[in-house]
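Architecture at a glance
What follows is each chain in one-letter form.
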Amino acid sequence: MNKYNIKTENQIYELIKKENLTFDDISKKLNINYDDLKEYINKSSKKYKKSLVKKIRKARREYFNDAKIKIENAVIKKALGYYSKDIIREIKTDKEGKESKTKKIVYKYNPPSERAVIVFFEILKNRKNKRLEREELKRKVQEDENRINIRVGFDN
């Protein structure tokens, strides 16, 4: 761990992006001492203009964006209703004592969930509120840039 290594940096990035692991978990997966890993991150952030730190932040953002999308898709699926496939395995014994295994596939309809519909509309409402807040902030910044301060009066 004494030398900066692009391969190690990419491994850290992928572990955080896929599993959102802590540095302790990363050190165990890569068979690195935890203190060495922290020292490596600190040294690389000074020596290489914080490229590893930026990659770690980017990996965490990507992980949470992916999780957010998966959650939203699950809520939409639950709100609309869906079919699921259940596999039923049965073991039957006949009169002679022979066992026969059967596999039955059953398609089951899961009706829409009222709670999921409510959550979905809350998500849409929050998105709209965030968009409106961004637009309001842009408008205020634009007004501040266009404002002219004129002071009339006498200074003593």
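For the structure, check the block above.
Anyway, here's the lowdown on the structure attached to this text. (Residues numbered from 1 in each chain as written. Predicted model: local features only at pLDDT ≥ 70, side-chain atom pairs only at ≥ 80, totals over all residues. Heavy atoms only, no water.)

The subject of this paragraph is the overall build of the chain. Counting its regular elements, the chain contains five helices and two strands. Moving toward the C terminus, one meets the helices and strands of the chain in the order α-α-α-α-β-β-α. Within the chain, the proportion of its 156 residues that are buried is 19%. Pairs at least 24 apart in sequence give 53% of the contacts found in the chain among residues at least 6 apart. For the chain, the computed accessible surface area is about 13,500 Å², with 51% contributed by carbon and sulfur atoms. (Helix = DSSP H or I, 4+ residues; strand = E, 2+ residues; numbered from the N terminus. Buried < 20%, exposed > 50% of the residue type's maximum accessible area, 1.4 Å probe, protein only. Contact = heavy atoms within 4.5 Å. Areas by Shrake-Rupley, 256 points an atom, 1.4 Å probe, with all protein chains shown as cover.)

Looking now at the packing of helix 1 (residues 6-19) against helix 4 (residues 51-80). Remark: helix 1 packs on helix 4, axes separated minimally by 7 Å, with the N-to-C direction vectors making an angle of 20 degrees. With respect to their mutual orientation, helix 1 and helix 4 come out roughly parallel. At the point where helix 1 passes helix 4, the crossing takes the right-handed sense. For the pair helix 1 and helix 4, the contacting residues are E9, N10, I12, Y13, I16, K17, K18 and E19 in the first and S51, L52, K55, I56, K58, A59, R60, E62 and Y63 in the second. When the residues that make up the contact of helix 1 with helix 4 are grouped by side-chain class, the tally is seven nonpolar, two polar and eight charged. (Axes fitted to C-alpha atoms, helices over the stretch in contact; angles between N-to-C directions. Parallel < 35°, antiparallel > 145°, perpendicular 65-115°, else oblique. Left-handed = near helix turned anticlockwise from the far one by under 90°. Nonpolar A, V, L, I, M, F, W, Y, C, P; charged D, E, K, R; others polar.)

A separate point is the side chain of S113. You can see S113 is positioned in the loop between strand 2 (99-110) and helix 5 (114-146). Setting aside residues up to four positions removed in sequence, S113 forms contacts with K78 and A79.

Our next topic: the pattern of salt bridges. Enumeration over the complete set of coordinates arrives at 10 salt bridges. Close ionic contact of K17 with E62 constitutes a salt bridge, the shortest N to O distance being 3.3 Å. With K17 in helix 1 and E62 in helix 4, the pair connects residues that are 45 residues apart, well separated along the chain. Its salt-bridge partner being E143, residue R139 comes within 2.6 Å of it at the nearest N-O pair. Of the two residues, R139 and E143 are both situated in helix 5; the distance of four residues between them amounts to about one turn of the helix. Using a relative accessible area of 40% as the deciding quantity, one classes R139 as partly exposed. (Salt bridge = Lys/Arg side-chain N within 4 Å of Asp/Glu carboxyl O.)

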